Amino acid sequence: METLKSAVPETLKRMIGESTPSDLPLTCSSLLDFLLQFNPFHHMVEDLAEPERGLCGKNKDEALKLKKKGNQFFLAGDCANALASYSQALRVAPMDADDMDKNLVATLYMNRASVFHKMNLLAECLRDCDRALQISPSYAKAWYRRGRANASLGNYEDAIHDLNVAKIVESSLSGKRQIESELKTILDGYNNTINSPAQHTEDTLNILDESHQIELQCVTTPDKGRGMASKNDIPPASLIHTEEPFAAIILKQCRETHCHYCFNELSADKVPCTSCSIPLYCSKYCQLQAGGVSFQHNPKNHDIQENLSSNLEKHVAKVTLVADSERDTKQIPEHKHECQGVNWPAILPPEIVLAGRLLVKSIIERGGSLDNANFRQIVDLSHHYSTMPPESKLELHIYSIVLLSCLRYFKGFELKINGFSIEQVVILVSQIRVNSMTIVRMNSNEDHGLEHQFRKFSSGALTSNVEQVKVAQAIYETGSLFNHSCQPKIHVYFLSRTLFIRATEFVAAGCPLELSYGPQVGQWGCKDRIRFLEDEYSFRCHCSVCSELNLSDLVLNAFHCVKQNCSGIVFDSCVLNHEKQKIKHYPSIASTSRLEPHLKVDNFINDAIHYGGQDTFLNSLSSVNPGYCLKCGSYRDIESSSAAVSKAWKPIRRLRDALGSEDVSGTTLSDALKCLDLLRSTLHAYNKSIAEVEDSLAQAFCLAGDTPRAMAHCKASIEILEKLYNPNHIVIGYELVKLASIQLSSGESTAVDTINRVGEIFSRYYGSQADIIFPYLQFLRRQTQKL
Ligand SMILES: C[S@@+](CC[C@H](N)C(=O)[O-])C[C@H]1O[C@@H](n2cnc3c(N)ncnc32)[C@H](O)[C@@H]1O
């Protein structure tokens, strides 16, 4: 890329750097003309797109080496390494390669099944046996292994069928004898079970959610362009929108850990792509959805069928034939055009590969090429091409030409490279930058212990969400029309690839439905939020809370009045100037009619600070200087106070490090307590830093087994959060989970109320899916039954 960038003549670079969307036909075709006569460009495209040069193809020799390694590990009893070697071998093994008269892939699945069996991972073992048998239906060892795994799972009828088929297809006498003895043991076990009373099986959780009749409409405002609103009132916790992505792509850091189609965590029996060595899937279903039916096995069922009873014949068909539901790909396979063993999907940035997916899908859907006279844009989404830095515009031009050149190697459709098609890709990537959503997953949580809950919720900054992993980037056509608010009333989450949007509060008909793209009120001050949105999303936030005064923005980073019994606020110059600017820019702040009750200054005047009314407050804010108390006018030296605060953070950081290593000494704890006193006397009572320190101290006392003090600090942090956020905010829910775990470990019955409140908060955000996304909620409820 650097070679191409530096080779572009300066005049062309400038032209591209200064271009607007209407200049694109010219800039794109000029750059194409230049690159076409520049040899390194052709070499680069060949390296990326020629299958013979690709490193992402299958490789039989490599697979055989890995298989051998796997066998050695297995024999030495090293299951973890055997598993890793077989999985890697599966990734590179060509689907049609044979190894000692057997299909290599089938053998590898079978070997991996043996490892799973040894590790007692029986469901994984069964799935791998099925995969081996779908390729080689007369694979005796796979039937035998399947039978034993089924027997261990108590599926005796299946086990007996499996072993009967194994006996028929096994060629050696000793093998047949071994199977017979196994069959006898299983039959004995089976006879015992049919004589014992039937077991009650639990109903699986019904995850269907309530569906309110909510009708959405697209509305346009001058400040934010198009946005979504509802035609009717929306009660809290209602599901307002679900959608599948138009196209999606896994992020590079999750390629080895998450399924490349559904983005859930990969299980141990992951399945590779059938034609290249890049994607990994959690199941055959995902593999087929993403890659399409690219490799057809021709299982020779008739080899064994003639010796089978009709019962066994049915059993063999059930196991070896891929179910139609799996084969039936509902959408255009996203990975198919990338799947040539070529390098470009692994090397180009994800947003460019995603643009390729969008482009291909849209060409196939329209059943033609890109040279359509009526063709405006691939998707109807907004972009900020004009405001991009010149360097980004140049990169975007080059990447678009490289992407189109790579896609031409795919034979599935016709693609011309010209000013028009390049322009389409440049705009498409610009749209992806503004509109793509990041799909996140909660970190898996196998340990449901109370202490673990506490630590899990304490990790990271207090107000950040529970450990979330960014797994994929996706374009949702309707989802992209939701604008941003720093105090949203709706919430986004994902299950597999599906987007869910739910109202967390009541939303009146006609009100904008806005979600949070980034930080919210209470997380960062207004100035920082605005800068973040400008840097990351290239727009100046015009949400209602950024144009109004609100308690969180005012107190989040404020100082305490020097008079300890005065509850006044003291601002530093930065915050004060910003808030004054707000008043200047938004004169309507002075009109109480725009103020909604929650967290607005109005409320907080009546609540804690008693400034004598909105007007008085606004007047004092406009006239006060940094360092002076807004209420009594006393002066605090902000410079020395800030220095004292940053000094106080040192012992707090030590405490956090100690918490990380779970070894908090008495001195560390008492130093941190002294710092808390200092922070409390220097910072405003609702300053978020105090809440964060209270939270760390709660954690430390929890670790030390001093639950009463842990509880007091946890409650103190909740008290502050309740001032910064609305009472049903998920951040308070997270903190309440910590409180509940402390209450439970000290046997307090108040835990029941806390957990009920947590349940209410979480269901506003996730509806009945809360229990699926946060399994520990059920765990906590179960713990209360022991009280
Ligand atoms: C994902 S799109 C939302 C739909 C977009 N308004 C449209 O007309 O297609 C994001 C863009 O909407 C605009 N936008 C969203 N929220 C905004 C806000 N709070 N203030 C100003 N502009 C906003 C910005 O231009 C942003 O880049």
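In this text the structure is predicted, and so the values were computed from the model without any measurement. (Residues numbered from 1 in each chain as written. Predicted model: local features only at pLDDT ≥ 70, side-chain atom pairs only at ≥ 80, totals over all residues. Heavy atoms only, no water.)

**Student:** What exactly am I supposed to notice about helix α8 (residues 122-135) here?
**Tutor:** Structural remark: α-helix, 3.6 residues per turn; residues separated by three or four positions point the same way. Taking 1.5 Å per residue, 14 residues should reach 20 Å; α8 reaches 20 Å between its end C-alpha atoms and fits that length. Listing the buried residues of α8 in full gives L122, E124, C125, L126, D128, C129, D130, R131, A132, L133, Q134 and I135. Where the residues of α8 are buried, they touch β2 (102-103), α7 (104-118), α9 (140-152), β7 (271-272), α12 (284-291) and α14 (310-320). (Helix = DSSP H or I, 4+ residues; strand = E, 2+ residues; numbered from the N terminus. Expected span 1.5 Å × (residues − 1). Buried < 20%, exposed > 50% of the residue type's maximum accessible area, 1.4 Å probe, protein only. Contact = heavy atoms within 4.5 Å.)

**Student:** What exactly am I supposed to notice about helix α33 (residues 776-784) here?
**Tutor:** Turning to α33, its buried residues are Y776, L777, F779, L780, Q783 and T784. Taken around the axis of α33, the buried residues stretch over an arc of 160 degrees, which confines them to a single face. (Arc of directions from axis to C-beta.)

**Student:** Is there a simple way to think about the nonpolar core in this case?
**Tutor:** As a rule of thumb, soluble globular proteins bury nonpolar side chains together. Counting 79 residues, the largest nonpolar core has F571, L697, F762, Y766 and F774 as its most contacted members. A total of 10 residues in this core trace back to one element, the largest contributor, which is helix α30 (residues 730-745). F34, L348, A355 and V425 belong to the second-largest nonpolar core, a separate cluster that totals 57 residues. (Core = buried A, V, L, I, M, F, W, Y, C linked by side-chain atoms within 4.5 Å.)

**Student:** What should I look at first to understand a positive patch on the surface in this one?
**Tutor:** On the surface, K647, K650, R653 and R656 cluster together into a positively charged patch. Considering the arrangement of structural elements, one finds R653 in helix α26 (residues 638-660). For R653, a relative accessible area of 46% gives the class partly exposed. (Patch = residues over 30% accessible without salt bridge, like charges linked within 9 Å, V, L, I, M, F, W, Y side chains within 5 Å. Areas by Shrake-Rupley, 256 points an atom, 1.4 Å probe, with all protein chains shown as cover. Salt bridge = Lys/Arg side-chain N within 4 Å of Asp/Glu carboxyl O. Lys, Arg positive; Asp, Glu negative; His and termini not counted. Charge placed at Lys NZ, Arg CZ, Asp CG, Glu CD.)

**Student:** I would appreciate a short explanation of the packing of aromatic side chains in the present structure.
**Tutor:** Between two aromatic rings, the relevant description is the distance of the centres plus the angle of the planes. Counted by the stated rule, this structure contains 13 aromatic pairs. Between the aromatic rings of F34 and F38, the centroid separation amounts to 5.5 Å while the plane-to-plane angle is 20 degrees, which identifies the pairing as stacked. Comparing F34 with F38 shows no difference in burial state: the two are buried. Both rings, one in Y734 and one in F762, keep their centres 5.8 Å apart while their planes meet at 75 degrees; by these two values the pair is edge-to-face. Here Y734 is found in helix α30, whereas its partner F762 is found in helix α31 (residues 750-766), with 28 residues between them in sequence. Judged on exposure class, the residue Y734 and its partner F762 are both buried. Members of the aromatic cluster, connected to one another through ring pairs, are Y493, F500, Y734, F762, Y766 and F774. Between the NZ or CZ atom of R497 and the centre of the ring of Y261, over which it lies, the distance is 4.1 Å. (Phe/Tyr/Trp six-rings, centres within 6.5 Å; stacked < 30°, edge-to-face > 60°. Lys NZ or Arg CZ within 6 Å of the ring centre and 35° of its normal.)

**Student:** For this particular structure, what's the right way to read the pattern of salt bridges?
**Tutor:** A side chain of one charge can pair with a side chain of the opposite charge when the charged atoms of the two come close. In this structure the tally under the stated criterion is 34 salt bridges. In this structure, R226 and D380 form a salt bridge, with 3.2 Å as the shortest nitrogen-oxygen distance. Here D380 lies in the loop between α17 (350-365) and α18 (390-407) and R226 lies in strand β4 (residues 225-230), a separation of 154 residues in the sequence. D380 sits in the exposed class, given a relative accessible area of 55%. For the salt bridge of D671 with R654, the shortest nitrogen-to-oxygen distance reads 3.6 Å. Of this pair, D671 sits in helix α27 (residues 666-682) while R654 sits in helix α26, placing them 17 residues apart in sequence.

**Student:** Honestly, the site of the ligand in this entry has me stumped. Any pointers?
**Tutor:** Close contacts around the ligand come from 20 residues, with K224, R226, H384, H484 and H542 the closest. Contacts to the ligand include K224, whose backbone N or O atom sits 2.6 Å from a nitrogen atom. One nitrogen or oxygen atom from the main chain of H542 is found 2.9 Å from a nitrogen atom belonging to the ligand. Contributions of two or more residues to the shell around the ligand are made by β4 and α19 (419-435). Counted by class, the shell around the ligand contains eight nonpolar, eight polar and four charged residues. (Near = heavy atom within 4 Å. Polar contact = N/O pair within 3.5 Å; in protein donor to acceptor, adjacent residues only side chain to side chain. Nonpolar A, V, L, I, M, F, W, Y, C, P; charged D, E, K, R; others polar.)

**Student:** Just to check I follow, could you spell out the environment of H161 for this structure?
**Tutor:** Note on placement: H161 falls in helix α10 (residues 156-169). Here H161 falls in the partly exposed class, since its relative accessible area comes to 22%. The spatial distance from the C-alpha of H161 to the C-alpha of V316 is 8.8 Å, given a sequence separation of 155 residues. Apart from the residues lying within four places of it in its own chain, the contact partners of H161 are N311, L312 and H315.

**Student:** For this particular structure, what's the right way to read the sheet that holds strand β11 (residues 490-495)?
**Tutor:** Strand pairing in a sheet takes place through backbone hydrogen bonds and is either antiparallel or parallel in direction. If you walk across this open sheet you meet the three strands as β5-β12-β11, and the pairing is antiparallel. The sheet is open, and its two borders are formed by β5 (239-243) and β11, each paired with just one other strand. Going across the sheet, the axis of each strand differs from the next one's by a mean of 20 degrees, ignoring polarity. Inspection of the sheet shows β11 paired to strand β12 (residues 498-503) by six bridges, in the antiparallel sense. Counterpart to V492 in the pairing with β12 is I501. Where α31 meets the sheet, it contacts β11 and β12, and its direction lies at approximately 125 degrees from that of β12. (Pairing = 2+ DSSP bridges. Axes fitted to C-alpha atoms, helices over the stretch in contact; angles between N-to-C directions.)

**Student:** Quick question: what am I supposed to make of the sheet that holds strand β13 (residues 512-513) here?
**Tutor:** Reading across the sheet, the three strands line up as β3-β4-β13 and stay open at both edges, with antiparallel pairing between neighbours. Strands at the two margins of the open sheet, each flanked by one partner only, are β3 (216-221) and β13. Bridge analysis of β3 against β4 gives six bridges, and the strand direction is antiparallel. Within β4, the residue paired with Q217 across the bridge is A229.

**Student:** It is not clear to me how the state of the cysteines should be interpreted in this structure. Could you clarify?
**Tutor:** Disulfides are covalent bonds that link the sulfur atoms of two cysteine residues. This model, assessed by the stated rule, comprises zero disulfides. We note that C125 lacks a disulfide partner, and the nearest cysteine sulfur, in C129, lies 4.3 Å from it. Take C629: it sits in no disulfide, and the sulfur closest to it among the cysteines is that of C561, at 3.7 Å. According to the relative accessible area criterion, C629 is buried, its value standing at 3%. (Disulfide = S-S within 2.5 Å.)

**Student:** Where do I start with the pairing of strand β10 (residues 468-475) in this structure?
**Tutor:** Examined bridge by bridge, strand β6 (residues 247-250) and β10 share four bridges and lie antiparallel to one another. Opposite A247, over in β10, you have I475 as the bridge partner. Across six bridges, the pairing between strand β9 (residues 437-442) and β10 is antiparallel. By the bridge assignment for β10, I439 is matched with A472.

**Student:** So what exactly am I meant to see when it comes to the confidence of the model for the chain here?
**Tutor:** Low pLDDT marks stretches whose predicted atomic positions should not be read closely. With 86% of its residues at a pLDDT of at least 70, the chain reaches an overall mean of 85. Here residues 198-208 is a poorly scored stretch, pLDDT under 50, and it has five contacts once near neighbours within four places are set aside; other chains count. In this model residues 589-600 is a low-confidence stretch, pLDDT under 50, and it forms 36 contacts with partners more than four residues away in sequence or in other chains. Scored as a complex, the prediction yields pTM 0.87 and ipTM 0.99. (pLDDT = per-residue confidence, 0-100.)

**Student:** Got a minute to help me understand unusual backbone geometry in this structure?
**Tutor:** Most of the time, phi is negative for any residue but glycine, and the peptide bond is trans. Of note in this structure, D101 is not a glycine but carries a positive phi near 70 degrees. If you trace the backbone, D101 turns up in the loop between β1 (98-99) and β2. With a relative accessible area of 79%, D101 lands in the exposed category.

**Student:** Help me understand the environment of A132, please; the structure alone is not making it clear to me.
**Tutor:** With respect to the helices and strands, A132 occurs in helix α8. The sequence separation of A132 and R112 amounts to 20 residues, and the corresponding C-alpha distance is 9.9 Å.

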